[in-house]
Amino acid sequence: MSITDTGKVTTCAADPNARYVAGDVSKQSLKEVWKGDLKRLRDLHREEKWKLLPYPCDKCEDWKVSYKDELVYAKKLNNIIGKAKRAVRGVKVK
């Protein structure tokens, strides 16, 4: 969440011109903004429903960097866990 000098809340720092306004802290509390339209947008991201995001979010690909990083990390972690499980299976306990 980013807040402009006029109180407009944008979805992220990648929208410095406030092309999409998710709320206004001069009229709402931060909690109201966070649990309102921003929650809907977070849910769409979490559910990978990119095409349902409003402009300019629907054209943004900044999320791909962190999303792909997470996938790569998860794959590496899964490989490490898999190797550890296989190694443990081969250990004989006395």
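Structure: see above.
Throughout, a residue's number is its position along its own chain's written sequence, starting from 1. Local features in this predicted model are restricted to residues of pLDDT 70 or higher, and side-chain atom pairs are both shown and tallied only at a pLDDT of 80 or more, whereas totals for entire chains, interfaces and linings draw on every residue. Side-chain numbers here rest on the full set of heavy atoms in the structure, without hydrogens or water.

S.K.: Outline the nonpolar core, listing residues and values.
M.R.: Of all hydrophobic cores here, the largest spans nine residues; its members are V9, Y20, A22, V33, L38, L41, L44, L53 and C57. The greatest single-element share of this core, amounting to three residues, is contributed by helix 2 (residues 37-46). When checking whether two residues touch, look at their non-hydrogen atoms; a contact exists if any pair is within 4.5 Å. Once you skip the residues sitting within four places of it in the chain, A22 turns out to touch V9, V33, D37 and L38. Nonpolar cores were defined as sets of buried Ala, Val, Leu, Ile, Met, Phe, Trp, Tyr and Cys residues, with membership established by side-chain atoms within 4.5 Å. Burial classes follow relative accessibility: with a 1.4 Å probe on protein chains only, a residue under 20% of its type's maximum area counts as buried, one over 50% as exposed, and anything between as partly exposed. Each helix is a run of DSSP H or I of at least 4 residues and each strand a run of E of at least 2, with the numbering of both proceeding from the N terminus.

S.K.: Tell me about helix 2, residues and numbers included.
M.R.: Among the residues making up helix 2, those that are buried are L38, L41, D43 and L44. Residues of helix 2 that are buried make contact with strand 2 (8-10), strand 3 (21-24) and helix 1 (30-35). Remark: E48 follows helix 2 within two positions and exhibits a positive phi of approximately 60 degrees.

S.K.: Can you lay out the sheet that holds strand 3 for me, pointing to particular residues and giving the numbers?
M.R.: In short, DSSP must find at least two bridges between two strands for them to pair. The three strands lie next to each other as 1-2-3, forming an open sheet whose pairing is antiparallel. Two strands bound the open sheet, and with one partner strand each, they are strand 1 (2-3) and strand 3.

S.K.: Talk me through a nonpolar patch on the surface; I want residue IDs and the actual numbers.
M.R.: Within the patch definition used here, like charges are joined within 9 Å and nonpolar side chains (Val, Leu, Ile, Met, Phe, Trp, Tyr) within 5 Å, considering only residues with over 30% relative accessible area and no salt bridge. In short, Shrake-Rupley with a 1.4 Å probe defines the accessible areas, and a residue's cover is counted only from the protein chains shown. In what follows, salt bridge is the name for a side-chain nitrogen of Lys or Arg lying within 4 Å of a carboxyl oxygen of Asp or Glu. Residues M1, I3, L30 and W34 make up a contiguous nonpolar surface patch of roughly 380 Å² in combined accessible area. Structurally, W34 can be placed in helix 1.

S.K.: Tell me about the packing of aromatic side chains, residues and numbers included.
M.R.: Stacked, tilted and edge-to-face pairs are distinguished by plane angle, under 30 degrees for stacked and over 60 for edge-to-face with tilted covering the rest, among Phe, Tyr and Trp rings (Trp via its six-membered ring) whose centres lie within 6.5 Å. Evaluation of the coordinates by the stated rule reveals zero aromatic pairs. When the NZ atom of lysine or the CZ atom of arginine is within 6 Å of a ring's centre and also within 35 degrees of its normal, the charge is said to sit over that ring. Across from the ring centre of W34, 3.8 Å away, lies the NZ or CZ of R42, which sits over that ring.

S.K.: Describe the state of the cysteines, and please don't skip the residues or the numbers.
M.R.: For this text, the term disulfide refers to a pair of cysteine sulfurs within 2.5 Å. On inspection of all chains with the given rule, the structure shows zero disulfides. Just so you know, C57 is unpaired, no disulfide at all, and the nearest cysteine sulfur is the one on C12, 6.3 Å from it. Judged by its relative accessible area of 11%, C57 is buried.

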